[in-house]
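# Close look at the chain arrangement
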Amino acid sequence: MSLTVPNDLLDQARTGEIDDAAFVACVRDSLPYAWSLISELVKQREHSGAEFADNQVPPPSEEARGQLLRCLASDSMRGALERHFGVRLAFQNCHRVAVFDPAATGALAEFVTPRAQILNQEPELVDC
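Described below are features of the structure shown in this document. (Residues numbered from 1 in each chain as written. Predicted model: local features only at pLDDT ≥ 70, side-chain atom pairs only at ≥ 80, totals over all residues. Heavy atoms only, no water.)

### Description of the sheet that holds strand 3 (residues 96–100)
Each strand in a sheet pairs with another by means of backbone hydrogen bonds, the pair being arranged parallel or else antiparallel. As summarised here, the arrangement of the three strands in space is 1-3-2, forming an open sheet in which the pairing is antiparallel. With one partner strand each, in any of the chains shown, strand 1 (52–54) and strand 2 (88–92) form the two edges of the open sheet. Direction aside, the axes of adjacent strands within the sheet are offset by 20 degrees on average. Direction of pairing for strand 2 relative to strand 3: antiparallel, over a ladder of five bridges. The residue of strand 3 that forms the bridge with Phe 91 is Val 97. Sitting on the sheet, helix 3 (residues 32–48) touches strand 1, strand 2 and strand 3, and the angle it makes with strand 3 is about 45 degrees. Where helix 4 (residues 62–73) meets the sheet, it contacts strand 2 and strand 3, and its direction lies at approximately 125 degrees from that of strand 2. (Pairing = 2+ DSSP bridges. Helix = DSSP H or I, 4+ residues; strand = E, 2+ residues; numbered from the N terminus. Axes fitted to C-alpha atoms, helices over the stretch in contact; angles between N-to-C directions. Contact = heavy atoms within 4.5 Å.)

Right, dumping it as structure tokens:
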């Protein structure tokens, strides 16, 4: 299961739409590793003023890796986090998450190329 959904949020979803804040809180509480990694990258990018900040350290456990994969593979979770933080997220392999300034089209375009994906491969990441 991707998220641990509180009963009140589940009831809201059954009767209508839920707002981004409630959904983001559910993601934050359900996927703490993914949340903390993305939050830290947002802070790094804001502090540096760079077009992007990225993570190149593999997750500390399979549980953490799973959280990251679930969070970034879901269009709804990724979109909610992008709106919440005001960034664009991109993802390579099982751990290389990048947080982009939404206006950073050149850096983002390069990050998501097949060339960048190939250059980011390492033998120890074959099964990630």
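What follows continues from the structure just given.
### Points about the environment of Cys 71
With respect to the helices and strands, Cys 71 occurs in helix 4. Here the alpha-carbon distance between Cys 71 and Ala 34, two residues 37 residues apart in the chain, equals 6.8 Å.

### Focus on the pattern of salt bridges
As enumerated under the stated definition, the model contains seven salt bridges in all. Note that Arg 14 is salt-bridged to Asp 11, the shortest N-O span being 3.6 Å. Highlighted residues: Arg 14 and Asp 11, both in helix 1 (residues 7–15), separated by three residues, approximately one helical turn. On the basis of relative accessible area, Arg 14 is assigned to the exposed category, the value being 62%. Under the relative-accessibility criterion, Asp 11 is labelled partly exposed at 43%. A salt bridge links Glu 62 to Arg 65; the shortest N-O distance between them is 3.2 Å. Taken as a pair, Glu 62 and Arg 65 lie in helix 4 at a separation of three residues, close to a single helical turn. Overall, the relative accessible area of 14% leaves Arg 65 in the buried class. (Salt bridge = Lys/Arg side-chain N within 4 Å of Asp/Glu carboxyl O. Buried < 20%, exposed > 50% of the residue type's maximum accessible area, 1.4 Å probe, protein only.)

### Concerning the side chain of Glu 82
Position of Glu 82 relative to the elements: it lies in helix 5 (residues 75–85). Each residue touching Glu 82, except ones within four places of it in the same chain, is listed here: Val 87, Arg 88 and Leu 89.

### Concerning the packing of helix 2 (residues 20–30) against helix 5
Packing of helix 2 against helix 5 brings their axes to within 10 Å, and their N-to-C directions diverge by 110 degrees. Our classification of the angle between helix 2 and helix 5 gives roughly perpendicular. Seen from above, helix 2 lies across helix 5 with left-handed handedness. Judged by residue contacts, Asp 20, Phe 23, Val 24 and Val 27 of helix 2 engage Ser 76, Met 77, Ala 80, Leu 81, Arg 83 and His 84 from helix 5. Considered class by class, the residues forming the contact of helix 2 with helix 5 number six nonpolar, two polar and two charged. (Parallel < 35°, antiparallel > 145°, perpendicular 65-115°, else oblique. Left-handed = near helix turned anticlockwise from the far one by under 90°. Nonpolar A, V, L, I, M, F, W, Y, C, P; charged D, E, K, R; others polar.)

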